[in-house]
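Fold and contact review
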Amino acid sequence: SNNSPYLRLPDGRVLVSSTFDDGTSGIASLAFAGNSRLESSTRTFTWETTSETQFYWKGRAAHRGKLYAESRLDGVTQDPAADRLGSFTFNSLADLQANRPATFSRTLFTPSRSGGEWSGALAASDQWVKSQQFTLLYGARAEGNVFTSAPAFNPQIETLFGARTDRAPATWHVSPRVGFNWLVTTKSRQAFTSMTFSGLGTYYSMARGVLRGGFGEFRQLLDPALLTQASVSTGLANGERRISCVGSAVPIPDWSAYQSDEATIPVDCVGTPSSGFADLAPAVQLFDRSYEPARAWRGNLSWGSAIKSVAYSIDAAYSFNVNQPSLLDLNFRGVPAFAVSNEDNRPVFVPASSIVPATGAVSSVAARRSSAYGPVLSRMSDLHGWARQVSVRARPTAYAVHGEWLIDATYTFAQSRSQARGFDGAAFENPSDIGWSRGDYTPTHELIVQAGYQNGWMVMSLAGKLRSGLPYTPVIASDVNGDGLANDRAFIFGHAGGADPVTVTALDQLIASTSGNARECLERQRGAVAGRNSCEGPWSATLNATLAPSFRVTRALRKYHLTGVTLYLTNPLGGLDELLHGDNLRGWGSTPLPDRVLYYVRGFDSTTHTYRYDVNPRFGDTRPSATSFRVPFRMTLDVSMDFSRDPEAQQLGRILEPGRHGNPGIKLDSAAVIKRYCGNLPDWYDEILSQSDSLLLTRDQVDALRSAAADYSRRIMAHWGTWAEVLASAPDRYNVSELVDRQHRLIDEAWEIARQEAHTTLPKILSPVQLKLLPGNAAFIYRADKPITGVRFFGTGRC
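These lines cover the structure that appears in this document, whether it is placed above or below. Quantities reported herein were computed from a predicted structural model and do not represent experimental measurements.

1. Examining the side chain of Arg167
- Within the secondary structure layout, Arg167 lies in the loop between helix H2 (155–161) and strand S10 (171–184).
- At 6.1 Å, Asp288 is the nearest oppositely charged side chain to Arg167, a buried residue that forms no salt bridge.
- Polar contacts involving the side chain of Arg167 include one to the main-chain carbonyl oxygen of Phe287, which spans 3.4 Å.
- The residues contacting Arg167, other than those within four sequence positions of it, are Pro151, Phe287, Asp288 and Arg289.

Given below as structure tokens:
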């Protein structure tokens with residue numbers, strides 16, 4: 001019955017009608033086809049060789065040169081199944097019940113395709129270090145590529161359109177680049193930046209200011225598979241063959257016959273090509289003579305500094321993009337046959353006789369210059385665009401990482417504009433024309449936050465992203481202007497201008513029921529053609545998290561051979577969405593993809609030359625359906641185990657095993673043992689002295705530090721001395737576990753000696769500013785406000 005959500009198909013099967021989340025029901029369009037992806041395959045190989053040489057110019061100590069060379073060979077073989085069994089589309093459930101399809105298409109022959117490309121680059125640069133504060137880097141990069149094969153030549157295409165099908169873009173180019181780095185310093189704050197390690201990451205102190213910038217040209221690499229489709233789309237007899245049937249040329253489906261015998265699936269349209277509704281002409285794809293890889297001139301300027309314990313940076317960047325790719329149909333006549341008056345005189349490039357009144361399906365055959373071929377797509381690279389952005393980042397510095405909470409945040413404001421044709425963008429007038437609009441994939445606002453929490457038991461980190469919506473264009477679901485592409489921009493009907501009252505009422509209902517950006521976009525453009533990328537999707541948020549035990553806990557677990565335990569939470573927002581909303585998901589944790597279809601064509605009035613539309617009630621909706629792709633929530637427990645001996649037990653073994661229990665070698669005496677243990681602490685006094693210029697140490701400070709270092713060395717030597725005597729006199733049989741436990745305590749006590757030494761001595765010698773600029777390990781030891789335990793240096797320290 002008409003009120004039932006079920007529909008019985010002609011062969012007796014039952015179809016369940018879809019119901020939208022807002023309570024409305026209906027089916028926009030139906031398609032029956034085989035899943036071609038199950039039978040496709042792609043094989044690739046890559047061979048790459050690189051070489052980098054750095055050198056100093058003779059007689060120019062301030063200059064360092066670098067040469068870089070790269071050679072790469074790629075190959076690809078593809079076996080796509082395409083639409084091997086064909087596809088029927090229906091405009092409605094009623095058409096499906098009556099077995100009245102709107103279109104039928106099928107790929108009759110899809111040859112295997114293969115190709116390859118050699119690409120290479122040679123770069124030369126020079127780095128001029130004028131001083132510790134200023135560095136200039138400049139150079140050039142030469143790039144080139146050659147494809148290993150080219151598509152076959154079709155002389156008829158050259159005769160008809162003046163273009164060659166056998167052209168493979170072999171290109172080469174030289175790109176200049178320059179950049180600088182300027183450390184702005186004062187006497188109170190030098191250019192040196194210290195570094196501190198934490199369970200939450202690595203953090204740096206900042207100089208008074210760092211100014212960086214650069215400008216150069218960057219060139220995109222060509223895809224090795226770029227020619228594969230063109231190699232089988234030459235229009236020759238051995239190329240890809242496909243049929244497309246519309247209206248009266250569509251065969252009537254016989255589902256039972258198709259199920260029992262694939263040979264009964266149609267391989268031709270009903271009637272003859274002269275009817276205009278049957279399209280058997282082969283499509284062609286080729287490359288314009290001037291085609292070359294996309295390029296961009298980019299410049300950036302960055303300032304970084306710190307306010308107290310928070311480092312910040314401000315980055316600005318601009319990119320002018322040239323040679324951007326585009327498509328141009330050489331077989332498109334571009335002469336309007338009539339205009340749709342109630343849609344701002346939308347040009348239609350086929351006569352009304354090429355449009356099926358009952359369904360509104362369009363055959364694009366009459367819009368072609370030559371009926372012998374379908375679309376003859378020439379790949380161009382003549383478009384331009386620009387993009388600009390400003391980013392601000394704030395994060396803790398090296399001497400602010402001892403708290404339990406840390407936050408690192410970056411905010412970016414971006415804008416972009418780009419050119420597009422109607423053949424590769426949303427069209428309204430002649431699709432060959434070029435127009436400017438907002439860029440496709442650039443959010444205006446983006447906030448990236450990394451946060452961490454640590455205590456004595458665990459370390460937790462979060463990485464999240466919040467960004468504004470991506471732009472999209474209100475479109476019609478099928479071709480209405482006759483160019484063969486279903487990318488026509490919609491006309492947002494108002495209450496005047498001869499609009500269909502039914503469509504206007506449905507639009508009013510849609511605007512009243514929707515909200516946010518989709519509603520604003522429709523209201524703003526009532527009575528006008530929708531602009532390309534004139535709508536914007538909603539904001540989106542993504543989040544990932546990790547949870548791991550602290551170093552102290554991990555050390556305790558080593559007795560059970562556990563060296564690491566980490567819990568990864570991928571997309572917890574998606575998991576929370578499903579937990580709270582079940583199948584009625586809100587799309588949390590994934591990039592929202594608004595439904596950009598505003599109208600479905602339901603018929604054509606050949607007398608008034610106007611289309612009849614159904615308004616899509618899900619326009620702008622981002623809620624995922626049961627069949628749409630979802631980013632899953634995933635929880636992964638990563639456990640690593642090490643069944644080898646404990647590293648500290650191995651260290652003890654290297655000390656005690658020689659000369660004992662029949663092992664070769666000589667027993668180490670206490671002096672030799674002490675030298676082994678001095679490596680367990682960094683030589684932090686030496687780190688400070690090595691930075692005497694950066695810290696502006698006076699002669700008196702240097703002498704005082706050397707005297708203190710000598711006293712500290714004697715204390716550390718005495719600390720290890722007793723333990724060294726214990727190990728040197730150990731018998732052949734010894735308890736390794738007991739010695740390891742004692743060693744833990746001795747090393748922790750040595751770190752405490754160092755900490756107390758730094759807290760007591762350094763403030764007496766260094767100024768407060770110098771204390772803030774202490775280098776890595778010295779800063780770590782001095783700023784520790786409680787005993788340092790569980791740290792194993794195993795470095796190159798000395799007593």
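2. Some remarks on the packing of helix H13 (residues 736–765) against helix H15 (residues 776–783)
- Their axes nearest at 8 Å, the elements H13 and H15 cross at an angle of 90°. With respect to their mutual orientation, H13 and H15 come out roughly perpendicular. Contact residues: H13 offers Trp751, Ala754, Arg755, Ala758, His759, Leu762 and Pro763, while H15 offers Phe780, Ile781 and Tyr782.

3. A look at the sheet that holds strand S34 (residues 610–615)
- The strand order S27-S33-S34 describes an open sheet built from 3 strands, whose pairing is mixed. In this open sheet, the two strands that pair with only one neighbour each are strand S27 (475–476) and S34.
- In terms of strand pairing, strand S33 (residues 597–605) meets S34 through 6 bridges, oriented antiparallel. The residue of S34 that forms the bridge with Phe604 is Tyr611.
- Packed onto the sheet, helix H5 (residues 501–513) meets S33 and S34 and runs at close to 30° relative to S34.

4. Thoughts on the pattern of salt bridges
- Inspection of the entire model under this criterion finds 25 salt bridges.
- With a closest N to O distance of 2.8 Å, Glu520 and Arg524 form a salt bridge. Of this pair, Glu520 and Arg524 both sit in helix H6 (residues 516–524), 4 residues apart, roughly one helical turn.
- Take Arg524: its relative accessible area is 46%, and that puts it in the partly exposed class.
- With a closest N to O distance of 3.3 Å, Asp703 and Arg699 form a salt bridge. In this pair, Asp703 and Arg699 both sit in helix H12 (residues 699–728), 4 residues apart, roughly one turn of the helix.
- Residue Asp703 is classed as partly exposed on the basis of its relative accessible area, which comes to 38%.
- Here Arg699 falls in the exposed class, since its relative accessible area comes to 54%.
- Residues joined in a network through salt bridges with shared partners are Glu158, Arg164 and Asp166.

5. Topic: the state of the cysteines
- Following the criterion strictly, the structure yields 2 disulfides and no others.
- A sulfur-sulfur separation of 2.0 Å characterises the disulfide bridge that pairs Cys245 with Cys269. Looking down the S-S bond of the Cys245 and Cys269 bridge, the torsion is -85°, so its handedness is left-handed. With Cys245 in strand S14 (residues 241–246) and Cys269 in the loop between helix H4 (255–260) and strand S15 (278–279), this residue pair connects regions lying 24 residues apart in the sequence.
- For Cys521, the disulfide goes to Cys535, at an S-S distance of 1.9 Å. Measuring the twist about the S-S bond at about -75°, one finds the Cys521-Cys535 disulfide to be left-handed. On the criterion of sequence distance, the pair formed by Cys521 in helix H6 and Cys535 in strand S30 (residues 535–536) is long-range, its members being 14 residues apart.
- The class of Cys521 is buried, set by a relative accessible area of 1%.

6. Here's the deal with the pairing of strand S9 (residues 134–147)
- Where strand S8 (residues 113–129) lies against S9, 13 bridges are found, and the strand directions are antiparallel. Looking at S9, one finds that Trp128 is bridged to Leu136.
- In sequence, S8 turns back onto S9 through a hairpin of 4 residues.
- Relative to S10, S9 runs antiparallel, the two being bridged by 12 bridges. By the bridge assignment for S10, Phe134 is matched with Trp182.

Cut-offs applied
- Residues numbered from 1 in each chain as written.
- Predicted model: local features only at pLDDT ≥ 70, side-chain atom pairs only at ≥ 80, totals over all residues.
- Heavy atoms only, no water.
- Helix = DSSP H or I, 4+ residues; strand = E, 2+ residues; numbered from the N terminus.
- Buried < 20%, exposed > 50% of the residue type's maximum accessible area, 1.4 Å probe, protein only.
- Lys, Arg positive; Asp, Glu negative; His and termini not counted.
- Salt bridge = Lys/Arg side-chain N within 4 Å of Asp/Glu carboxyl O.
- Polar contact = N/O pair within 3.5 Å; in protein donor to acceptor, adjacent residues only side chain to side chain.
- Contact = heavy atoms within 4.5 Å.
- Axes fitted to C-alpha atoms, helices over the stretch in contact; angles between N-to-C directions.
- Parallel < 35°, antiparallel > 145°, perpendicular 65-115°, else oblique.
- Pairing = 2+ DSSP bridges.
- Disulfide = S-S within 2.5 Å.

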